[in-house]
Amino acid sequence: GSWRVLVLGGTGFRGHLTSEALLQLGHHVTALARGNMYWGTLDRLEKKGLKLWKCNRTIAVDSVAGALPETTGLANCSDVANGSTYFDAVVDFSSKEVGDVKQATRLLKGRVGIYIFMSSHGVYDVAKNATHGSPLQFESDAVRPGRDVSPLERFQVKSKNPKGDDFLECEEELLRQYNAG
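Residues numbered from 1 in each chain as written. Predicted model: local features only at pLDDT ≥ 70, side-chain atom pairs only at ≥ 80, totals over all residues. Heavy atoms only, no water.

Within the open sheet, the 5 strands sit side by side as β3-β2-β1-β6-β7. Their pairing is parallel. In this open sheet, the two edge strands, each paired with only one partner strand, are β3 (51-54) and β7 (112-117). Neighbour-to-neighbour, the strand axes of the sheet open up by a mean angle of 20 degrees, direction not taken into account. Of the pairings in the sheet, the one linking strand β1 (residues 4-8) to strand β2 (residues 28-33) comprises 5 bridges and is parallel in character. Paired with leucine 6 across the strands is threonine 30, a residue of β2. (Pairing = 2+ DSSP bridges. Helix = DSSP H or I, 4+ residues; strand = E, 2+ residues; numbered from the N terminus. Axes fitted to C-alpha atoms, helices over the stretch in contact; angles between N-to-C directions.)

On to the nonpolar core, then. If you look at the biggest cluster of nonpolar residues, it comprises 13 residues, and the most contacted ones within it are Leu6, Leu32, Leu74 and Val80. Core analysis: the next-biggest nonpolar cluster, separate from the first, contains 12 residues, Val7, Val29, Leu45 and Val91 among them. (Core = buried A, V, L, I, M, F, W, Y, C linked by side-chain atoms within 4.5 Å. Buried < 20%, exposed > 50% of the residue type's maximum accessible area, 1.4 Å probe, protein only.)

For strand β6 (residues 87-92), the tally of buried residues reaches 5 of 6 residues, placing the bulk of the element in the interior. Relative to β6, β1 runs parallel, the two sharing 4 bridges. For leucine 6, the partnering residue across the bridge sits in β6 and is valine 90. Pairing geometry for β6 and β7, over 5 bridges, is parallel. Within β7, the residue paired with phenylalanine 87 across the bridge is valine 112. Running through helix α4 (residues 98-107), the crossover from β6 to the neighbouring parallel element β7 is right-handed. (Right-handed = clockwise from strand over helix to strand, strands pointing away.)

Quick look at the side chain of aspartate 100 now. By the secondary structure assignment, aspartate 100 is in helix α4. Despite being buried, aspartate 100 has no salt bridge partner; arginine 57 is the closest side chain of opposite charge, sitting 4.8 Å away. (Lys, Arg positive; Asp, Glu negative; His and termini not counted. Salt bridge = Lys/Arg side-chain N within 4 Å of Asp/Glu carboxyl O.)

All right, on to the pattern of salt bridges then. Oppositely charged side chains can pair when the atoms bearing their charge come close. In the structure shown here, the tally under the stated rule is 6 salt bridges. The residue arginine 44 makes a salt bridge to glutamate 20 at a minimum N-O spacing of 3.2 Å. Separated by 24 residues along the polypeptide, arginine 44 in helix α2 (residues 41-47) and glutamate 20 in helix α1 (residues 16-24) bring together distant segments of the chain. Two residues, aspartate 92 and arginine 57, come together in a salt bridge whose shortest N-O distance is 3.4 Å. A residue pair is termed long-range when its members are at least 10 positions apart, and aspartate 92 in strand β6 and arginine 57 in the loop between β3 and β4 (61-62) qualify at 35 residues. Judged by relative accessible area, which is 0%, aspartate 92 ranks as buried. On the accessibility criterion, arginine 57 (8% relative accessible area) is buried. A single network of salt bridges, built from pairs that share partners, joins Glu20, Arg44 and Lys48.

Note on aromatic pairs: each is described by the distance of the centres and the angle between the planes. In the structure shown here, the tally under the stated rule is 3 aromatic pairs. Each ring, one from phenylalanine 13 and one from tryptophan 39, has its centre 5.9 Å from the other, and the planes form 55 degrees; the classification is tilted. Placement of phenylalanine 13 in the loop between β1 and α1 and of tryptophan 39 in the loop between β2 and α2 is noted, with a sequence separation of 26 residues between them. Given a relative accessible area of 54%, tryptophan 39 falls into the exposed group. Aromatic side chains phenylalanine 117 and phenylalanine 167 sit 6.0 Å apart centroid to centroid with 40 degrees between the ring planes, which places their arrangement in the tilted category. Residue phenylalanine 117 is located in strand β7, and its partner phenylalanine 167 is located in helix α6 (residues 162-180); the two are separated by 50 residues in the primary sequence. Residue class for phenylalanine 117 comes out buried when judged on its relative accessible area of 13%. (Phe/Tyr/Trp six-rings, centres within 6.5 Å; stacked < 30°, edge-to-face > 60°.)

Here the focus is α1. Among the residues making up α1, those that are buried are His16, Ser19, Glu20, Leu22 and Leu23. With its buried residues spanning 165 degrees around the axis, α1 presents them on a single face. α1 presents Leu17 and Gln24 as exposed residues on the side facing more than 90 degrees away from its buried surface. Packing partners of the buried residues in α1 comprise β1, β2 and α2. Backbone geometry just downstream of α1 places glycine 26 in the positive-phi region, at approximately 90 degrees. (Arc of directions from axis to C-beta. Contact = heavy atoms within 4.5 Å.)

Structure follows, in structure tokens:
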């Protein structure tokens with residue numbers, strides 16, 4: 001049967017093709033996006049049945065209080081923060097930092113069957129290739145160096161790609177939540 005799917009960033013550069021493919025397969029697709037017009041994709045997707053939840057999910061940062069996840073970002077998206085819609089799947093193209101993932105999973109708790117996070121190859125820049133000596137990369141390679149290396153060496157690996165480090169933190173948070181039940 002058809003699934004009800006929420007695509008975070010579902011009209012943007014990376015997400016619009018997934019939204020379109022899901023619609024073509026007969027699924028009910030809701031995209032959470034800012035509603036910007038890129039290449040005419042929003043109009044095309046809406047004509048195919050896409051439902052748009054227009055929202056800027058950026059979490060504001062106060063110079064004194066720090067990140068404000070309780071009052072900004074998805075907290076301002078009433079369909080997410082106050083909604084009750086259950087989704088068989090969430091496909092997340094727009095989380096860029098661990099706070100984004102934490103906010104999304106907190107607000108959607110109990111309303112999602114499976115959460116799919118679209119990460120980045122940058123995670124391998126900040127990970128330890130512990131499984132083999134080959135230049136090929138496997139999913140199991142996205143593992144942080146552990147206590148077998150010095151703190152300085154861990155810091156040096158982490159600083160190779162700050163965005164890759166952010167994506168790896170997102171992956172680690174989702175794994176923590178999954179393992180916690």
